[in-house]
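Architecture at a glance
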Amino acid sequence: MNTPARLRHVKPSGIAILFALALCWGRPGHAADHPVVPDSLQQRIAACTTCHGEQGEGRAASGYFPRLAGKPAAYLARQLQDFQDGLRKYAPMEYTVRELGPAYMHEIAEYFAAQRVPFARSPVPRVPDTVLQRGAQLLDKGDPSRHIPACASCHGSQLTGVEPSIPGLVGLPYDYISAQLGSWRTHTRATVAPDCMAEVANRLSEADISAVAAALASRQLPADTRAQPAGSVTPPLRCGVLDAAEASPPAAATG
């Protein structure tokens with residue numbers, strides 16, 4: 001569930017090598033006939049765009065590599081930090097970010113946050129209407145009987161995210177959403193405590209996870225896909241990522 005089919009038989013170390021090649025390609029001194037590649041931001045984020053697209057539009061057809069474009073910069077920077085700190089597990093990303101400094105990570109995050117590109121819809125799974133109805137309930141109303149808050153109570157009324165650090169969910173692939181909710185349950189994805197998403201994910205059943213992922217993949221995009229302004233929602237749970245965003249403003253990016 002967590003890995004695209006074409007990568008399932010590739011060892012993590014092998015995937016990491018591919019990313020290393022993406023990072024190192026074109027550096028002078030590796031071969032006499034290599035062209036000199038400018039030290040530009042586009043070249044330095046080559047390892048990102050290889051999977052996530054030139055402008056962070058994502059790889060919708062893969063069902064796994066998510067859209068980065070337009071997501072709040074503080075959220076994107078936090079994900080890079082979580083991979084670097086070992087809180088979030090995925091070998092290629094851990095390898096890619098392990099030598100990056102905070103200012104560099106914020107520069108990458110701000111680049112993708114500023115991108116405004118059309119959404120490419122991922123395949124919509126064929127599921128019964130009852131599954132979509134359950135998913136829509138969890139997205140919009142939650143399940144009070146099991147202390148499950150609505151996704152919209154944190155991610156915005158249109159699920160487009162909230163500045164400065166809550167990501168949008170609309171347009172994300174079914175496989176990606178189901179994989180990430182599963183990762184919070186298996187402790188292969190975490191963030192700074194208190195980890196409110198881990199708390200919510202562990203209240204969901206496997207059927208609930210499939211329903212939420214299917215409902216998100218099937219939902220029509222709103223006319224305005226930008227994240228809502230800061231302070232426009234009051235999350236029902238305390239979240240460490242929100243506390244961290246308030247306590248530590250982004251570091252100044254370098255050119």
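The structure displayed is predicted, hence computed values, not measured ones.

A count of helices and strands for the chain gives twelve helices and zero strands. Listed by position from the N terminus, the elements making up the chain come as α-α-α-α-α-α-α-α-α-α-α-α. Residues classed as buried in the chain amount to 46% of the 255 residues present. Considering only intrachain contacts with a sequence separation of at least 6, the fraction spanning at least 24 residues in the chain is 72%. Of the roughly 13100 Å² of accessible surface on the chain, a fraction of 57% belongs to carbon and sulfur atoms.

All right, on to the packing of helix H4 (residues 73-85) against helix H6 (residues 102-113) then. Between H4 and H6, the shortest axis-to-axis distance is 8 Å and the interhelical angle comes to 140 degrees. Regarding the angle of H4 to H6, the classification is oblique. Note on packing geometry: the crossing formed by H4 with H6 is right-handed. On H6, the residues that touch Ala-73, Leu-76, Ala-77, Leu-80, Gln-81 and Gln-84 of H4 are Met-105, His-106, Ile-108, Ala-109, Glu-110, Phe-112 and Ala-113.

What the rule picks out here adds up to one disulfide. Paired through a disulfide, Cys-196 and Cys-239 show a sulfur-sulfur distance of 1.9 Å. Handedness of the Cys-196-Cys-239 disulfide follows from its S-S torsion of about 115 degrees: it is right-handed. Pair noted here: Cys-196 is in helix H10 (residues 196-201) and Cys-239 is in the loop between helix H11 (206-218) and helix H12 (240-247), with a separation of 43 residues, a long-range link. A single burial state applies to Cys-196 and to Cys-239, both of which are buried. Here Cys-48 is not cross-linked by a disulfide; its sulfur's nearest cysteine counterpart is in Cys-51, at 9.2 Å. What makes Cys-48 buried here is its relative accessible area of 14%.

Inspection of every chain in the model, using the stated rule, returns four aromatic pairs. Considering the side-chain rings of Tyr-64 and Tyr-176, the 5.9 Å spacing of their centres and the 75 degrees angle between planes classify their relative orientation as edge-to-face. Linking Tyr-64 in the loop between helix H3 (46-52) and H4 with Tyr-176 in helix H9 (residues 174-185), this pair joins segments that are 112 residues apart in sequence. On the numbers, 5.0 Å between centres and 75 degrees between planes, the contact of Tyr-111 with Phe-112 is edge-to-face. Among the aromatic residues, those joined into a ring-pair cluster are Tyr-64, Phe-65, Tyr-90 and Tyr-176. Above the face of the Phe-119 ring, Arg-67 is positioned so that its terminal group lies 3.7 Å from the ring centre.

Scoring rules and cut-offs
Residues numbered from 1 in each chain as written. Predicted model: local features only at pLDDT ≥ 70, side-chain atom pairs only at ≥ 80, totals over all residues. Heavy atoms only, no water. Helix = DSSP H or I, 4+ residues; strand = E, 2+ residues; numbered from the N terminus. Buried < 20%, exposed > 50% of the residue type's maximum accessible area, 1.4 Å probe, protein only. Contact = heavy atoms within 4.5 Å. Areas by Shrake-Rupley, 256 points an atom, 1.4 Å probe, with all protein chains shown as cover. Axes fitted to C-alpha atoms, helices over the stretch in contact; angles between N-to-C directions. Parallel < 35°, antiparallel > 145°, perpendicular 65-115°, else oblique. Left-handed = near helix turned anticlockwise from the far one by under 90°. Disulfide = S-S within 2.5 Å. Phe/Tyr/Trp six-rings, centres within 6.5 Å; stacked < 30°, edge-to-face > 60°. Lys NZ or Arg CZ within 6 Å of the ring centre and 35° of its normal.

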